[in-house]
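Results of the structural survey
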Amino acid sequence: MLIDTHCHLDFKDFAEDRDAVLQRAKAAGVTRVINIGITVEQSRTAVELARQYEAVYACLGIHPHYAGSLKKKDVDTLRQLASADKGRPHNKVVGIGEIGLDYYKSKVAPEIQKEAFASLASLARELDLPLVIHNREAQRDIIDVMKAVFEGSIRGVVHCFSGDVKLARQCLALGLHISFTGNLTF
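**Examining the nonpolar core**
Grouped together as the largest cluster of nonpolar side chains are 53 residues, with contacts concentrated most on Ile96, Phe117, Leu131 and Met146. The element that contributes the greatest number of residues to this core is helix 4 (residues 110-127), accounting for seven residues. Not counting the four nearest positions on each side in its chain, leucine 131 is found in contact with Ile96, Ile99, Ala121, Ala124, Met146, Phe150, Ile154, Arg155, Gly156 and Val157. In this structure, Ile34, Ile36, Tyr57 and Val132 belong to the second largest nonpolar core, which totals five residues.

**Focus: the sheet that holds strand 6 (residues 156-159)**
With parallel pairing, the seven strands of this open sheet are ordered in space as 1-2-3-4-5-6-7. On the outer flanks of this sheet lie strand 1 (2-7) and strand 7 (177-178), each paired with one strand and no other. Note: strand 3 (residues 56-60) against strand 4 (residues 93-102), three bridges, orientation parallel. Bridge pairing links leucine 60 to isoleucine 96 in strand 4. Sheet strands touched by helix 5 (residues 139-149): strand 4 and strand 5 (131-136). Its angle to strand 5, the strand with the most contacts, is close to 150°.

**Regarding the pairing of strand 2 (residues 30-36)**
Most of strand 2 is tucked away, with five of its seven residues classed as buried. Of the strand pairs in this sheet, strand 1 and strand 2 are connected by four bridges, and their pairing is parallel. Counterpart to leucine 2 in the pairing with strand 2 is valine 30. Following the chain from strand 1 across helix 1 (residues 18-27) to the adjacent parallel strand 2, one finds a crossover that is right-handed. Pairing geometry for strand 2 and strand 3, over four bridges, is parallel. What sits directly across from asparagine 35, in strand 3, is alanine 58.

**A few points about helix 6 (residues 165-173)**
Structurally, the α-helix is built with 3.6 residues per turn, so residues lying three or four positions apart point the same way. Looking only at helix 6, the buried set comprises Leu167, Ala168 and Cys171. Looking down the long axis of helix 6, one finds its buried residues gathered within 105° of arc, a one-sided arrangement. What points out from helix 6, more than 90 degrees from its buried face, is the exposed set Val165, Lys166, Arg169 and Ala173. Looking at the packing, one finds that the buried side of helix 6 touches strand 5, helix 5, strand 6 and strand 7. Its side-chain oxygen at 3.2 Å from the backbone nitrogen of lysine 166, aspartate 164 defines the N-terminal cap of helix 6.

**Topic: the packing of helix 5 against helix 6**
Where helix 5 contacts helix 6, the axes come no closer than 10 Å and their chain directions differ by 15°. Judged on the interaxial angle alone, helix 6 and helix 5 are roughly parallel. The interaxial crossing formed by helix 5 with helix 6 has left-handed handedness. Between helix 5 and helix 6, the contacting residues are Gln139, Arg140 and Ile143 on the first element and Leu167, Gln170 and Cys171 on the second. Of the residues belonging to the contact of helix 5 with helix 6, the class tally is three nonpolar, two polar and one charged.

**With respect to unusual backbone geometry**
At aspartate 128, a position not held by glycine, the phi torsion is positive, near 55°. Relative to the assigned elements, aspartate 128 resides in the loop between helix 4 and strand 5. In this structure aspartate 128 comes out as exposed when scored by relative accessible area, which is 56%. Here the phi dihedral of glutamate 137 falls at roughly 60°; this positive angle occurs in a residue that is not glycine. Locating glutamate 137 in the fold gives a position in the loop between strand 5 and helix 5.

Each value, and the rule that gives it
Residues numbered from 1 in each chain as written. Predicted model: local features only at pLDDT ≥ 70, side-chain atom pairs only at ≥ 80, totals over all residues. Heavy atoms only, no water. Core = buried A, V, L, I, M, F, W, Y, C linked by side-chain atoms within 4.5 Å. Buried < 20%, exposed > 50% of the residue type's maximum accessible area, 1.4 Å probe, protein only. Helix = DSSP H or I, 4+ residues; strand = E, 2+ residues; numbered from the N terminus. Contact = heavy atoms within 4.5 Å. Pairing = 2+ DSSP bridges. Axes fitted to C-alpha atoms, helices over the stretch in contact; angles between N-to-C directions. Right-handed = clockwise from strand over helix to strand, strands pointing away. Arc of directions from axis to C-beta. Polar contact = N/O pair within 3.5 Å; in protein donor to acceptor, adjacent residues only side chain to side chain. Parallel < 35°, antiparallel > 145°, perpendicular 65-115°, else oblique. Left-handed = near helix turned anticlockwise from the far one by under 90°. Nonpolar A, V, L, I, M, F, W, Y, C, P; charged D, E, K, R; others polar.

As structure tokens, this is what we get:
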């Protein structure tokens, strides 16, 4: 069984051929697809797509690029989206993400990103959901926020990993998985 653990089917690029994309994935042996939210609206769409397609599941989050616009009501909305799915025969919300820190591309100040990341990581802890963590050039702060929010092991994956061996070991010691994206080729 293959699982695509990080896709963005809600992006407008897939609006016209989403069904075909999912059919090609199925033909290639991909049995599950996790659609990752990066804004409140895209998280809402991720849930809608998960309910529409049997093989699609959703993660809810605010990407660091959008951390500057995060409000308390947004965290409440994500909580409601995740909670509304609990108790259904097939819970389709499977994580909180894509959240984290991006000091490479994001124009949002690091302090604002850290505050948003801590708030969303706390939501994951509250809901007992794993994390999908975006990390670009924010190694020390990623670990500091995670240790401040969680006690003990953390479930999730550090997506877009851009750290060194030391950070990889720290993430693994916390219980996290690591994934590499196209930035590995830079």
